[in-house]
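Structural characterization, general
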Amino acid sequence: MPQMGVSVAEGTIVEWKKAVGEAIERDEIICSISTDKIDTDVEAPASGTLAEILVEVGETVAVGTVLARIDAGGGGGANGDGGDPAPQNTESLSEADAALNAPGDAGELSGDTTTDHDGTTTRAAGVQRAKGGPRYSPVVMRIAAEHGIDLSTVKGTGRGGRVRKQDVLAVVEGGGGEPPMHIESPYQPDEPAAPRARKPRFAREEPAAAPAPAPAPFTGDLGPVQSAPLSRMRQSIGRAMIQSLQTAATCTTIVEVDLHRVEAERRRLGLTALPFVARATVDTLREFPALNATLEGETFSQYEHVHLGVAVSLGSGGLIVPVIHNAHELSVEGLSARIKDLARRARDNALTPDDVRGGTFTITNPGGYGSIMATPVINQPQVAILDTEAVVKRPVVLTDAGGNDSIAIRPMSYFCMSWDHRALDGALAAQFLFALKTRLESL
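Residues numbered from 1 in each chain as written. Predicted model: local features only at pLDDT ≥ 70, side-chain atom pairs only at ≥ 80, totals over all residues. Heavy atoms only, no water.

**Examining the overall build of the chain**
For the chain, the helix and strand inventory stands at eight helices and 21 strands. The burial tally for the chain puts 40% of its 443 residues in the buried class. Counted over contacts in the chain with a minimum sequence separation of 6, partners at least 24 positions apart contribute 59%. Only carbon and sulfur atoms are counted for the fraction: they give 53% of the accessible area of the chain, which is about 23,800 Å². (Helix = DSSP H or I, 4+ residues; strand = E, 2+ residues; numbered from the N terminus. Buried < 20%, exposed > 50% of the residue type's maximum accessible area, 1.4 Å probe, protein only. Contact = heavy atoms within 4.5 Å. Areas by Shrake-Rupley, 256 points an atom, 1.4 Å probe, with all protein chains shown as cover.)

This is the structure we're talking about:
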């Protein structure tokens, strides 16, 4: 099996053009092969009789595998007269690799053959090579013949100085400059590769060694182990997350937000950034009511009032999402007070059933623990959830009113919104996030 570029490791026999016992001319097409990159024909490396086919049609074998053997001595073949066979000179078809081993040439063989009046596929007319002289691929010989180029004068960049298609085209197009290296060719023209070792002509290839057995699993002492059933809350969270992922067509869209104005305001008021983000989110949801919505079965409901869920971590106890009902009626300071109250009561296990019902949109804020990007799971049956990440100072490019650019250090954060593609499209999600970003950057 010839090498069809350094990234191709195997090929499949598509068709044998000759049967065992048939005569073959040197460079005549003997079989067709298919790889994951190209389909091409393989030429006979010598004249003689096809003595043996080792790889049948449909079989896939590794590069370098012997495909067939050719009796190049003219005696003892399948068409012999039954007398004492003359000494044979059997050529392995894997030696066709010698004519195809320059990456970039192998893929050029396809389509460079013609069919004569007897239906036999032969090499297209081109520059003939002297017996024992350099080998050229059919496409190289055809281009040289069309342009009257003496291939012996062309400097090759293939393995061992082999002349490739790019070399000949470089001569055609401009007259002798160094041709570009092929994208798959690691070879340099100034250091010919050492000859490859040849396998015995009459020996079949030995099967590859069996892979080493996998290491046995560890059976030693794992140390102290604490095993216990998941808590009821963790089981409930797990069921909700699986149900959400199995129900929603979840996508995530991310924007980067400059929070330098928010940082200045929160320091002035002695607040955290979350209530500012919550207030801007409420205003943006009123502008894009399709995200202040739920989807239950085939029923899509949009809401005029914003009932904002805010995820609260209970540490090892799990996670809960209390709801700020009618959040659109509260100021930044009012939202801050409600968020603190709900978080305190959640950690004290003092929430009422009404505190965790009726949400229309959810914010989760893991950025307080240092994370910078996430893909949150939608809180069903809502259609979107906003994840706010850590505020990190980064250099950013700023453009003033005159179009002049400068670099400044700004507190930046990624806002990641997961949304249900059943109810929304990416354009609407992006528009919502851009409007939210604009609000926060324009405080």
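Let's pick the thread back up.
**Focus on the pattern of salt bridges**
Evaluated as defined, the whole model comprises 17 salt bridges. When the shortest N-O distance is used, the salt bridge between Arg267 and Glu263 registers 3.8 Å. Pair noted here: Arg267 and Glu263 are both in helix α5 (residues 260-269), with a separation of four residues, about one helical turn. For Arg267, a relative accessible area of 56% gives the class exposed. Between Arg439 and Glu287 there is a salt bridge whose closest N-O contact spans 3.0 Å. Here Glu287 lies in helix α6 (residues 274-287) and Arg439 lies in helix α8 (residues 426-441), a separation of 152 residues in the sequence. Judged by relative accessible area, which is 45%, Glu287 ranks as partly exposed. Residues joined by salt bridges that share partners form a network here, namely Asp341, Arg344, Arg345, Asp348 and Asp355. (Salt bridge = Lys/Arg side-chain N within 4 Å of Asp/Glu carboxyl O.)

**Brief notes about the side chain of Thr364**
Relative to the helices and strands, Thr364 is located in strand β18 (residues 361-364). Of the residues examined, Thr364 reaches a relative accessible area of 16% and is grouped as buried. Not counting residues within four places of it along the chain, the set of residues in contact with Thr364 comprises Ala311, Pro376, Ile385, Leu386, Asp387 and Thr388.

**Notes on α6**
Over its 14 residues, α6 runs 20 Å from end to end, which matches the ideal 20 Å to within 8%, given 1.5 Å per residue. Burial within α6 is extensive, with eleven of its 14 residues counted as buried. Taken together, the buried positions of α6 are occupied by Leu274, Pro275, Phe276, Val277, Ala278, Arg279, Ala280, Thr281, Val282, Thr284 and Leu285. (Expected span 1.5 Å × (residues − 1).)

**Describing a nonpolar patch on the surface**
A contiguous nonpolar patch, built from Ile254, Ile372, Met373 and Val392 and spanning about 320 Å² of accessible area, is present on the exposed surface. Along the chain, the position of Ile372 falls in the loop between β18 and β19 (384-388). (Patch = residues over 30% accessible without salt bridge, like charges linked within 9 Å, V, L, I, M, F, W, Y side chains within 5 Å.)

**Comments concerning the nonpolar core**
Formed by 42 residues in total, the largest nonpolar core has its most connected members in Leu308, Phe361, Leu386, Met417, Phe432 and Leu440. Of the residues forming this core, the biggest block, seven residues, is contributed by α6. Sequence-distant contacts of Leu386, that is, excluding residues within four places in its chain, are made with Val277, Thr281, Phe361, Thr362, Ile363, Thr364, Phe415, Cys416, Met417, Leu433 and Leu436. The next biggest cluster of nonpolar side chains, apart from the first, holds 16 residues, and it includes Cys31, Leu50, Ile53 and Leu67. (Core = buried A, V, L, I, M, F, W, Y, C linked by side-chain atoms within 4.5 Å.)

**Remarks on the environment of Asn349**
Secondary-structure assignment places Asn349 in the loop between α7 (332-347) and β18. Residue Asn349 is classed as exposed on the basis of its relative accessible area, which comes to 73%. For the pair Asn349 and Leu314, spaced 35 residues apart in the sequence, the C-alpha separation amounts to 9.6 Å.

**Regarding the environment of Ala23**
Mapped onto the fold, Ala23 is located in strand β2 (residues 23-24). A relative accessible area of 54% means that Ala23 is categorised as exposed. In this structure, the C-alpha to C-alpha distance between Ala23 and Leu50, residues 27 residues apart in sequence, is 6.4 Å.

**Some details on unusual backbone geometry**
Trans is the prevailing form of peptide bonds, just as negative phi is the prevailing case for residues other than glycine. In this model, Gln380 is joined to Pro381 through a cis peptide bond whose omega is 5°. Among the secondary structure elements, Pro381 is positioned in the loop between β18 and β19. One non-glycine residue, Asp27, lies in the positive phi region at around 75°. Here Asp27 is to be found in the loop between β2 and β3 (29-34). Its relative accessible area of 16% is what places Asp27 among the buried residues. Although it is not a glycine, Asn326 adopts a positive phi angle of roughly 55°.

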